[in-house]
Amino acid sequence: MRTLEQTTREILDLATKQFKLPEGSLSAGDDFYKKLGIDSLQTLDLLSRLENHFNIELPDYEVQGVSDFKTLAERIQARL
Amino acid sequence: MSKGRTSRNAVKEFRGEALRWEWRDAVVELTLDFEPLNEIGTVMLADLEKFVAAFDGLAPITSACVIASARPGGFCAGANLKELYQDALPLSPKKRAAGMRAFLKRIHAVMNALDAAPFVTIAAVHGLCMGGGLELALVCDLIVADKMARFGFPELRLGLIPGFGGIPRLRRDVGNGFIRDLLFTGRTVKAESAQQAGLVSHLAGEGYALQVARSMAQQVTKFDAETRVAAKKFLKPIPYQELRKEIDLFCTLFNRPVVMESLRRFVETDDPMKHLPVAERARNS
């Protein structure tokens, strides 16, 4: 079972890789909409990547309104 | 096999404003390509009508049809809500309802023709496949989904139900638990979940849905045409009665002020999850 810290790290790594950002440029408290500059389509794409990576189902409504990686990690942790 | 047959009247190539098709070796490939994400409004509908009008000519020489999207974001984002809102805005409620019913009858005629197409239809889905886009995929005999594809029916957040045949066709293909989850939560589901529910036939690796669909289409060409057509009719009856009820219910719901207000919000919002009802921010930090 992953710890919340591990989950957060994996999310940050996945987003860093997906959006081709320099390593270490994202942190848990970042607003990912602002930091990644993603639109609605990219948000759903990111959701698919997270679901596939963690092998979970994460309903959109559970992450609606979430904008920082830390809260996102908590929502994913609840589904692991 | 239909491979060796010929048809003088077949429109083997077409390039419209919203889509194009090309016939080769008993397979016709229909490519949706309309910015931003193949929204189904008057332009897409007119081109789809041209495609189904070509069926008679194509049928004798065609075993399979692959429907795919050239748009990078996905298969189809659904109905053209911007056009729907802007066209309906200046009309009286009575004219709005009449216009909507006329549009729905046209789209249902196209969807029913695609559903009953005299060849095997395969949707190659990547990215977003929502609302009317999912209804288009549902008329196909088989759905191949890129593992990153997402499916959803977000219509309830507009005060509507899916209007292009979605619920009757979903009921034909999958269980009520899945249908009610999609409808009543408005969530989107990943391709793997859609496959587990029975909506998707094959999962493809990222970027490979079209390749997998083409491979399936080639396999389809190997079977006897008459048997294939008979099997399709037997396997996949079209729920005409429920489809007519859907039009009635949609029009009843559409004629309420809440729908125009929901459409306005949808058209004007920059919410990254605008397919869901409005929610408060849930930031913890």
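The structure contained in this document is the topic of the report that follows.

What counts and how
Residues numbered from 1 in each chain as written. Chains lettered and ligands numbered in written order. Predicted model: local features only at pLDDT ≥ 70, side-chain atom pairs only at ≥ 80, totals over all residues. Heavy atoms only, no water. Helix = DSSP H or I, 4+ residues; strand = E, 2+ residues; numbered from the N terminus. Rg over C-alpha atoms; globule rule 2.2 N^0.38 Å. Buried < 20%, exposed > 50% of the residue type's maximum accessible area, 1.4 Å probe, protein only. Contact = heavy atoms within 4.5 Å. Lys, Arg positive; Asp, Glu negative; His and termini not counted. Charge placed at Lys NZ, Arg CZ, Asp CG, Glu CD. Areas by Shrake-Rupley, 256 points an atom, 1.4 Å probe, with all protein chains shown as cover. Pairing = 2+ DSSP bridges. Axes fitted to C-alpha atoms, helices over the stretch in contact; angles between N-to-C directions. Salt bridge = Lys/Arg side-chain N within 4 Å of Asp/Glu carboxyl O. Polar contact = N/O pair within 3.5 Å; in protein donor to acceptor, adjacent residues only side chain to side chain. Nonpolar A, V, L, I, M, F, W, Y, C, P; charged D, E, K, R; others polar.

Some details on the overall build of chain B
Part 1: Within chain B, the secondary structure is distributed over 12 helices and 11 strands.
Part 2: A compact globule built from 285 residues would reach a C-alpha radius of gyration of about 19 Å, and chain B, at 19 Å, matches this within 12%.
Part 3: Here chain B holds 285 residues, and the buried ones make up 54% of them.
Part 4: Sequence-distant contacts in chain B: of pairs separated by 6 or more residues, those separated by 24 or more amount to 76%.
Part 5: Of the side chains in chain B, 39 bear a positive and 32 a negative charge, and the two mean positions are spaced by 3 Å.

Overview of the overall build of chain A
Part 1: Within chain A, the regular secondary structure consists of five helices and zero strands.
Part 2: For chain A, the N- to C-terminal ordering of α and β elements is α-α-α-α-α.
Part 3: The C-alpha atoms of chain A give 11 Å as radius of gyration, which agrees with the globular expectation for 80 residues (12 Å, within 12%).
Part 4: In terms of overall dimensions, chain A has C-alpha extents of about 30 × 25 × 20 Å along its principal axes.
Part 5: Counting only residues that meet the buried cut, chain A has 49% of its 80 residues in that class.
Part 6: The contacts in chain A between residues at least 6 apart in sequence include a share of 56% that link residues at least 24 apart.
Part 7: Here chain A has roughly 3,900 Å² of accessible surface; of this, 49% comes from carbon and sulfur atoms.
Part 8: Counting 10 positive and 14 negative side-chain charges, chain A places the centres of these two groups 3 Å from one another.

Brief notes about the sheet that holds strand β9 (residues 150-152) of chain B
Adjacent strands of a sheet form backbone hydrogen bonds with each other and so pair up, either parallel or antiparallel.
Part 1: Spatial ordering of the open sheet is given by β5-β7-β9-β10 (chain B), a layout of four strands whose pairing is mixed. Looking at which strands have only one partner, the edges of the open sheet turn out to be β5 (74-76) and β10 (188-190) of chain B. Each strand of the sheet is rotated relative to its neighbour by a mean of 20°, with strand direction disregarded.
Part 2: Across two bridges, β5(B) lies against strand β7 (residues 128-130) of chain B in parallel orientation. Across the sheet, residue B:G74 finds its bridge partner in β7(B), namely B:L128.
Part 3: Relative to the sheet, helix α3 (residues 40-54) of chain A contacts β7, β9 and β10 of chain B, its axis offset from that of β9(B) by approximately 115°.

Quick notes on the environment of B:G159
Residue and element names in this part refer to chain B.
Part 1: Here G159 lies in the loop between β9 and α6 (166-173).
Part 2: Each C-alpha atom, one on G159 and one on M260, is 9.1 Å from the other, the two residues being 101 residues apart in sequence.
Part 3: Apart from the residues within four sequence positions on either side, G159 is in contact with L253, R256 and V259.

Description of the interface of chain A and chain B
Part 1: If you look at the interface, chain A gives 28 residues, while chain B gives 29 residues.
Part 2: In this structure, the connection of chain A to chain B is made through three salt bridges.
Part 3: Run the count over chain A and chain B and you get nine residue pairs in polar contact (both at pLDDT 80 or more).
Part 4: Counting residues per element, the ones that place at least two in the side of chain A that touches chain B are α3, α4 (60-63) and α5 (69-77) of chain A.
Part 5: Take the side of chain A that touches chain B: its biggest share by element is 10 residues, from α3(A).
Part 6: Along the lines of polarity and charge, the residues of the side of chain A that touches chain B split into nine nonpolar, 10 polar and nine charged.

Thoughts on unusual backbone geometry
Part 1: Cis geometry marks the peptide bond from B:E35 to B:P36; its omega dihedral reads 0°.
Part 2: The backbone of A:N55 sits at a positive phi, close to 55°, despite the residue not being glycine.
Part 3: The residue A:N55 is located in the loop between α3 and α4 in this model.
Part 4: Under the relative-accessibility criterion, A:N55 is labelled exposed at 57%.
Part 5: The phi torsion at B:N38 lies on the positive side, around 55°, for a residue other than glycine.
Part 6: Secondary-structure assignment places B:N38 in the loop between β3 (27-32) and α1 (42-53).

Things to note about the sheet that holds strand β8 (residues 142-146) of chain B
All names here are of chain B.
Part 1: If you trace the seven strands from one edge of the open sheet to the other, you get β1-β2-β3-β4-β6-β8-β11, paired in mixed fashion. Both edges of this open sheet fall to β1 (13-15) and β11 (202-204), since each of them pairs with a single strand only. Between one strand and the next, the sheet's axes are offset by a mean angle of 20°, whatever the strand orientation.
Part 2: Sheet topology note: the strand β6 (residues 120-125)/β8 ladder contains four bridges and is parallel. Directly across from A124, in β8, lies its bridge partner V144.
Part 3: The sheet contacts of helix α9 (residues 209-220) involve β3, β4 (64-69), β6, β8 and β11, and relative to β6 the element is tilted by about 165°.

Overview of the pattern of salt bridges
All names here are of chain B.
Part 1: Summed over all chains, the structure comprises 27 salt bridges over all chains.
Part 2: Of the charged contacts, one joins D115 and R172 as a salt bridge, the two residues approaching to 3.1 Å between their closest N and O atoms. Here D115 is found in helix α4 (residues 93-115), whereas its partner R172 is found in helix α6, with 57 residues between them in sequence.
Part 3: Taking the relative accessible area as the measure of exposure, D115 reaches 1% and is therefore buried.
Part 4: Among the salt bridges present, the one from R187 reaches D181, with a minimum N-O distance of 2.7 Å.
Part 5: Overall, R187 belongs to the buried group, its relative accessible area being 8%.
Part 6: A single network of salt bridges, built from pairs that share partners, joins D115, D141, R169, R172, D173, K232 and K236.

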